[in-house]
Amino acid sequence: MTSGTTPGLTRFNTLEETAAAAELHEVCASSAWGSKLLAQRPYATVESLFAASDAAMAELTTADLEEAMAGHPPIGRPKPGDPTSSREQRGMAGASDELKRELLELNLAYQDKFGHVFLICATGATGEQMLAALKTRIENTAEQERAIVRTELGKINRIRLTRLTEQQDQQDQ
């Protein structure tokens, strides 16, 4: 992972506030998380941005976590036209119809039990790994799941922030 200053970090630091807020919203749908990161700009290094993200994630309330989770589609059903969710759920591309059916059924049972989508950092995970995690986590208590969801969101945010800080200026592309 990148830890110093990058052209993408410089670009992010110098964006107009509304544009920077929009980019942060693409990383995480929690407005509280985004506001905390905006307030601390400029960042000297990517690592300092990660530290701010982790600290903001740790402070999110249950309502803030719900807002963040609302920005994530169910595993196995990326948002149509959304390259980020498609990229992150790439491990489902070769999944069998049986695995997809089982994942859908367990996703619905999970949502009934916890009131939100099953959230996992899917980047690099196979459909089988995601299904195994879902089977294990559906047995958790709501408190256990909230802690796991916070951790998974933190991982997802770091991956997305890495991508954001590696972006060049639009004119350079």
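What you see as residue numbers is a count from 1 along each chain, following the sequence as written. Owing to the predicted nature of the model, reporting of local features is limited to residues with pLDDT of at least 70; listing and counting of side-chain atom pairs is limited to 80 or more, with chain, interface and lining totals taken over all residues. To obtain the side-chain values, all non-hydrogen atoms of the structure were included, while hydrogens and water were left out.

J.: Just checking my understanding: could you explain the packing of helix 3 (residues 31-39) against helix 4 (residues 46-59) for this structure?
T.: Packing of helix 3 against helix 4 leaves a shortest axis separation of 9 Å and a crossing angle of 145°. The hand of the helix 3/helix 4 crossing is right-handed. Contacts from Trp33, Lys36 and Leu37 of helix 3 reach helix 4 at Leu49, Ala52, Ser53, Ala56, Met57 and Glu59. When the residues that make up the contact of helix 3 with helix 4 are grouped by side-chain class, the tally is six nonpolar, one polar and two charged. Axis lines are fitted through C-alpha atoms, for helices just across the contact stretch, and the angle between N-to-C directions can take any value from 0 to 180 degrees. In this text, helices come from DSSP runs of H or I with a minimum length of four residues, and strands from runs of E with a minimum of two, each type numbered from the N-terminal end. Helix crossings fall into two classes, left-handed where the near helix is turned counterclockwise from the far one by less than a right angle and right-handed where it is turned clockwise. Contacts are assigned to residue pairs that have any heavy atoms within 4.5 Å of one another. Residue type decides the class: Asp, Glu, Lys and Arg count as charged, Ala, Val, Leu, Ile, Met, Phe, Trp, Tyr, Cys and Pro as nonpolar, and the leftover types, Gly among them, as polar.

J.: Honestly, the packing of aromatic side chains in this entry has me stumped. Any pointers?
T.: Given two aromatic rings, their pairing is described by the distance between the two centres and the angle made by the two planes. Only the six-membered ring of Trp is used, alongside the rings of Phe and Tyr, when aromatic pairs are assigned; centres must lie within 6.5 Å, and planes under 30 degrees apart are stacked while those over 60 apart are edge-to-face, with the rest tilted. Evaluated as defined, the whole model comprises two aromatic pairs. Between Tyr110 and Phe118, the aromatic rings sit 5.3 Å apart at their centres with planes inclined by 80°, giving edge-to-face as the arrangement. Working definition: with a 1.4 Å probe on protein chains only, accessible area under 20% of the residue-type maximum means buried, over 50% means exposed, and in between means partly exposed. Look at Tyr110 and you get buried, because its relative accessible area is 0%. Ring pairs connect the aromatic residues Tyr110, Phe114 and Phe118, which therefore count as one cluster.

J.: Teacher, can you tell me more about unusual backbone geometry here?
T.: Glycine aside, residues mostly have negative phi angles, and peptide bonds mostly take the trans form. The peptide bond linking Arg41 to Pro42 adopts the cis configuration, its omega dihedral lying at 0°. By the secondary structure assignment, Pro42 is in the loop between helix 3 and helix 4.

J.: Before we go on, may I ask you to explain the pattern of salt bridges in this structure?
T.: Where charged atoms from two side chains of opposite charge approach closely, those side chains can pair. Should a side-chain nitrogen of Lys or Arg be within 4 Å of a carboxyl oxygen of Asp or Glu, the pair is scored as a salt bridge. For the structure on display, the rule yields nine salt bridges. Between Glu59 and Lys36 there is a salt bridge, and its shortest N-O distance comes to 2.7 Å. Here Glu59 is found in helix 4, whereas its partner Lys36 is found in helix 3, with 23 residues between them in sequence. You can call Lys36 partly exposed: its relative accessible area is 27%.

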